[in-house]
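Below are the chains, spelled out letter by letter.
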Amino acid sequence: MAYRTAQEGLTNARKHAPGQPVTLGLGFEPGHVTVSVTNPLLPAGAEAPLAATGAGAGLIGLKERAALVGGTLEAGPADGTWRIDLTIPS
């Protein structure tokens, strides 16, 4: 689950914000594991030629899988960045 979330986050950053830096975080706390992927949003009008590729169900599927194991996955824009935050029991 953690690997797949990191993979999806990096893929989405490449597709929707090409050339922008990406921060990948991995945390191990007592009782849970966290994964975060953050990248700046593209400026208005910037091109993202790969944005229309793929089926568009990656984040939905990850949210469903996180819930099945008792975790959470949140994704969306925040303060000029796009964030994916996963928390799952260890």
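Nothing here was measured: the structure is a model prediction, and the numbers come from that model.

Draft legend 1. Broad picture of the pairing of strand E2 (residues 32-40). Of the strand pairs in this sheet, strand E1 (residues 23-29) and E2 are connected by 7 bridges, and their pairing is antiparallel. Following the sheet pairing, Leu24 is matched in E2 by Val37. Connecting the antiparallel pair E1 and E2 is a turn made up of 2 residues, with Gly31 showing a positive phi of about 90 degrees. The pairing of E2 with strand E4 (residues 81-89) spans 9 bridges and is antiparallel. Looking at E4, one finds that Val37 is bridged to Ile84.

Draft legend 2. A look at helix H1 (residues 2-16). With 15 residues, H1 ought to run about 21 Å at 1.5 Å a step, and its terminal C-alpha atoms sit 21 Å apart, in line with that. Buried residues of H1: Thr5, Ala6, Glu8, Gly9, Asn12, Ala13 and Lys15, and no others. Of the surrounding elements, those touching the buried residues of H1 are E1, E2, helix H2 (58-68), strand E3 (72-78) and E4.

Conventions and cut-offs
Every chain's residues receive numbers from 1 upward, in the order its sequence appears when written. Only residues with pLDDT of at least 70 get local features here, since the model is predicted, and only at 80 or more are side-chain atom pairs given and counted; chain-wide, interface and lining totals rely on the full set of residues. The side-chain figures draw on all heavy atoms in the structure; neither hydrogens nor water molecules are used. Here, a strand pair is defined by DSSP locating no fewer than two bridges between the strands. Working definition: helices are DSSP H or I runs of at least four residues, strands are E runs of at least two. Numbering for both runs from the N terminus. A helix's residues, less one, multiplied by 1.5 Å, set its expected span. For each residue, the accessible area found with a 1.4 Å probe, counting protein chains only, is set against the maximum for its type, and the residue is called buried under 20%, exposed over 50%, and partly exposed in between. In this analysis, two residues are considered to be in contact whenever any of their non-hydrogen atoms come within 4.5 Å of each other.

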